[in-house]
Amino acid sequence: MGGELFDRIGGAPTFDRLVRVFYEGVRSDPVIWPMYPADDLEGAIQRLSLFLQQYWGGPGTYSERRGHPRLRMRHNPFRVTPEARDRWLLHMRTAVDSLDLAPLDDATLWAYLDRAAHAMVNALD
């Protein structure tokens, strides 16, 4: 299913577009922007895009460069509160909407992103 979604929604260019629109919102967000590497924004953009591409059946470039995703471990240095999660989801929802995907593809992608965001919460306030 993942590989089919990757190809069906347009492959790497679509994920690149998704992540760039997401980061446009993040850059103006006072809650979550401080968690991102302002000095390596392009690197952060590439890492998220490559991760999502790999997850949805695209090339394994993310793991080749970074090893196993270990999402919770990679996010542990940051206080990911429910507010931070909700801000992340707000910007990601805007990014997903910008792709104008077919309803099933949108719902499939969003269900994963929503679950992943909830799983990253590691602080209550």
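The paragraphs below set out a description of the structure included in this document.

1. Structural notes on the overall build of the chain
Logical step 1: Counting its regular elements, the chain contains 7 helices and 0 strands.
Logical step 2: Helices and strands in the chain line up, N terminus first, as α-α-α-α-α-α-α.
Logical step 3: Restricting to contacts in the chain with at least 6 residues of sequence separation, those with at least 24 account for 67%.
Logical step 4: Carbon and sulfur atoms form 55% of the exposed surface of the chain, whose accessible area is close to 6800 Å².

2. Section: helix α7 (residues 103-120)
Logical step 1: Its 18 residues give α7 an end-to-end C-alpha distance of 26 Å, which sits within 8% of 26 Å, the value for a rise of 1.5 Å per residue.
Logical step 2: Every buried residue of α7 is listed here: D105, D106, T108, L109, W110, Y112, L113, A116, A117 and M120.

3. Concerning the packing of helix α2 (residues 12-27) against helix α3 (residues 41-55)
Logical step 1: Their axes nearest at 9 Å, the elements α2 and α3 cross at an angle of 135°. On the basis of the axis angle, α2 is oblique to α3. The handedness of the crossing between α2 and α3 is right-handed. Packed against α2, whose contacting residues are A12, F15, D16, L18, V19, R20, F22, Y23 and R27, the element α3 presents L41, E42, A44, I45, L48, S49, L52 and Q53 at the interface.
Logical step 2: Residues belonging to the contact of α2 with α3 are distributed by class as follows: 11 nonpolar, 2 polar and 4 charged.

Each value, and the rule that gives it
Residues numbered from 1 in each chain as written. Predicted model: local features only at pLDDT ≥ 70, side-chain atom pairs only at ≥ 80, totals over all residues. Heavy atoms only, no water. Helix = DSSP H or I, 4+ residues; strand = E, 2+ residues; numbered from the N terminus. Contact = heavy atoms within 4.5 Å. Areas by Shrake-Rupley, 256 points an atom, 1.4 Å probe, with all protein chains shown as cover. Expected span 1.5 Å × (residues − 1). Buried < 20%, exposed > 50% of the residue type's maximum accessible area, 1.4 Å probe, protein only. Axes fitted to C-alpha atoms, helices over the stretch in contact; angles between N-to-C directions. Parallel < 35°, antiparallel > 145°, perpendicular 65-115°, else oblique. Left-handed = near helix turned anticlockwise from the far one by under 90°. Nonpolar A, V, L, I, M, F, W, Y, C, P; charged D, E, K, R; others polar.

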